[in-house]
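Here's the letter readout for the chains.
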Amino acid sequence: MAATLSDIARRVGVTKTTVSYVLNRKRSGIRISEETRQRVLSVARQLNYRPSFSAKALVTGRTNTIGFQCGQIVSPHYNELADMALREVEDRGYHLLISVTPWRTGENDLDCLQTLMGRGVDGVIFFGSALGPGEPLYDHLLAERYPLVTISDQIEGLSSVVSDWEPGMDEAISLLAGKGHRRVGYFRSRSVNPEVDGKLAAFCAACRRHGMEPEVLVGRSVPEHSRQCGLEFARRGDRPTAVIYSCDHGAMGFLRGLRDEGVAVPEEVAVIGIDGTEAGAYCCPSLTTIAQDGRGIIRSAVEMVLAMIDRKEPPGRRVHLATKLIVRESA
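K.L.:
For this particular structure, what's the right way to read the overall build of the protein?
P.N.:
Scanning the protein from terminus to terminus reveals twelve helices and twelve strands. Its C-alpha atoms put the protein at 75 × 45 × 30 Å along the principal axes. Counting all 331 residues of the protein, 50% fall into the buried class. Considering only contacts within the protein whose residues lie at least 6 apart along the sequence, 71% involve residues at least 24 apart. Counting every atom, the protein has about 16,200 Å² of accessible surface; 48% of that belongs to carbon and sulfur. Separation of charge centres in the protein, based on 41 positive and 40 negative side chains, amounts to 7 Å.

Quick look at the structure:
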């Protein structure tokens with residue numbers, strides 16, 4: 001027969017409650033020494049203890065699992081966010097179930113979300129753009145007051161934690177203007193509708209404030225494709241002297257394309273990415289970037305999801321977190 005919490009408690013010489021707190025990583029007022037915690041974990045491994053999530057869900061009505069949906073997990077931005085989410089939910093005694101959408105169509109987004117919900121997660125942190133009024137799933141989420149937080153877009157009636165792009169973008173354009181640049185290109189993502197692109201709107205507004213001449217271009221986020229953007233840009237005779245790329249991942253490929261064509265960065269073209277990924281610090285030259293508060297986004301999203309699960313707050317709250325410029329070698 002499978003080992004139980006009582007079996008572990010008898011072997012260690014502690015209460016069943018203590019074992020439960022240790023194995024479920026719950027925060028409590030009970031003081032548990034590190035020695036006791038390690039003994040519980042050791043005995044659990046010896047007895048090959050496996051928690052029955054289905055049985056627990058039948059009793060509590062919960063799986064203690066949070067869903068996390070994003071795309072392009074190969075991107076440093078998304079894998080850094082996923083790692084932060086993993087740590088945040090585990091610190092609160094929950095598990096994280098990650099679902100990656102290929103982002104080819106809006107239906108991919110919605111299919112992944114429905115799959116997560118079908119797995120019985122207690123709530124979802126959602127990074128996508130296909131959810132909104134007119135979609136049956138959107139209507140269902142509102143009617144059920146389902147615990148979901150978006151971290152990419154603000155969607156009417158749903159909770160969200162999003163970045164305020166204006167502070168970081170203004171710092172970036174101010175830096176470029178101070179260095180004598182007068183024309184700046186912005187490579188937007190082809191997968192984002194320009195009418196609702198917050199990064200693009202902040203870019204255009206900052207250029208107007210600082211008297212810069214903007215040029216909007218269409219880029220790709222995957223380095224092997226954005227490298228081609230860099231090659232083509234380098235061959236232009238009338239190119240802007242500075243570029244802001246819509247994501248760090250794409251900016252890295254763009255830098256490679258410039259370098260392969262012999263264009264010096266930042267002497268001939270200054271390059272700024274967006275996201276603030278740690279990976280950008282290790283490319284050559286290191287990437288100046290407009291950084292989101294990734295840790296703040298994830299911590300706020302997790303807290304909001306858990307508050308909705310516990311019925312402590314209704315859906316619909318919005319949180320905006322400021323961006324900032326991190327200056328490195330590329331600009």
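K.L.:
How should I be thinking about the sheet that holds strand β6 (residues 183-189) in this particular structure?
P.N.:
Hydrogen bonds along the backbone pair up the strands of a sheet, which may run parallel or antiparallel. Pairing is mixed in the open sheet, where six strands are placed in the order β7-β6-β8-β9-β10-β12. Unpaired on one side and paired on the other, β7 (213-219) and β12 (324-326) mark the two borders of the sheet. Averaged over neighbouring strand pairs, the angle between their axes works out to 25 degrees when direction is ignored. Taken together, the seven bridges between β6 and β7 define a ladder with parallel strand orientation.

K.L.:
Hey, could you run me through the pairing of strand β3 (residues 123-126) in this one?
P.N.:
The side chains of a regular strand alternate between the sheet's two faces. Burial along β3 is two-sided: the residues Gly123 and Ile125 and Val124 and Phe126 are all buried. Where strand β1 (residues 65-71) meets β3, four bridges bridge the pair, whose relative direction is parallel. Paired with Gln69 across the two strands is Phe126, which belongs to β3. Pairing of β3 with strand β4 (residues 148-150), which is carried by three bridges, proceeds in the parallel orientation. Bridging across to β4, Val124 finds its partner in Leu148. Regarding the hand of the β-α-β motif, the stretch spanning β3, helix α7 (residues 136-144) and β4 is right-handed.

K.L.:
Even after reading the chapter, I still don't get the side chain of Glu88, so can you show me in this structure?
P.N.:
Here Glu88 shows up in helix α5 (residues 76-91). Residue Glu88 is classed as buried on the basis of its relative accessible area, which comes to 8%.

K.L.:
Teacher, can you tell me more about the layout of surface pockets here?
P.N.:
Regions of empty space are outlined by a rolling probe, equal in size to a water molecule, passed over the atoms. Roughly 1,300 Å³ of volume is contained in the largest pocket. Contributions of two or more residues to the lining of the largest pocket are made by α5, α6 (106-118), β5 (159-164), β6 and α9 (198-210).

K.L.:
Is there a simple way to explain α7 in this structure?
P.N.:
Burial in α7 covers these residues: Leu137, Tyr138 and Leu141. Here the buried residues of α7 occupy an arc of 105 degrees about the axis, which is enough to place them on one side. Exposed positions of α7 whose direction lies more than 90 degrees from the buried face are Pro136 and Ala143. Downstream of α7 by one or two residues, Arg145 has phi in the positive range, about 55 degrees.

K.L.:
Where do I start with the pattern of salt bridges in this structure?
P.N.:
If charged atoms from side chains of opposite charge come close, those side chains can pair. Throughout the structure, instances matching the rule amount to 17 salt bridges. Across the salt bridge formed by Glu34 and Arg37, the nearest N and O atoms sit 2.8 Å from each other. Of this pair, Glu34 and Arg37 both sit in helix α3 (residues 34-46), three residues apart, which is roughly one turn of that helix. For Glu34, a relative accessible area of 46% gives the class partly exposed. Linking Glu303 and Arg92 is a salt bridge whose minimum nitrogen-to-oxygen distance equals 3.5 Å. Residue Glu303 is found in helix α12 (residues 294-309), and its partner Arg92 is found in the loop between α5 and β2 (95-101); the two are separated by 211 residues along the sequence.

Reading the values: the criteria
- Residues numbered from 1 in each chain as written.
- Predicted model: local features only at pLDDT ≥ 70, side-chain atom pairs only at ≥ 80, totals over all residues.
- Heavy atoms only, no water.
- Helix = DSSP H or I, 4+ residues; strand = E, 2+ residues; numbered from the N terminus.
- Buried < 20%, exposed > 50% of the residue type's maximum accessible area, 1.4 Å probe, protein only.
- Contact = heavy atoms within 4.5 Å.
- Areas by Shrake-Rupley, 256 points an atom, 1.4 Å probe, with all protein chains shown as cover.
- Lys, Arg positive; Asp, Glu negative; His and termini not counted.
- Charge placed at Lys NZ, Arg CZ, Asp CG, Glu CD.
- Pairing = 2+ DSSP bridges.
- Axes fitted to C-alpha atoms, helices over the stretch in contact; angles between N-to-C directions.
- Right-handed = clockwise from strand over helix to strand, strands pointing away.
- 1 Å grid on protein atoms, 1.4 Å probe; cavity = no way out; pocket = protein on both sides within 12 Å on 5 of 7 lines; lining within 4 Å.
- Points joined across faces, edges and corners; volume = space filled by probe spheres on them.
- Arc of directions from axis to C-beta.
- Salt bridge = Lys/Arg side-chain N within 4 Å of Asp/Glu carboxyl O.

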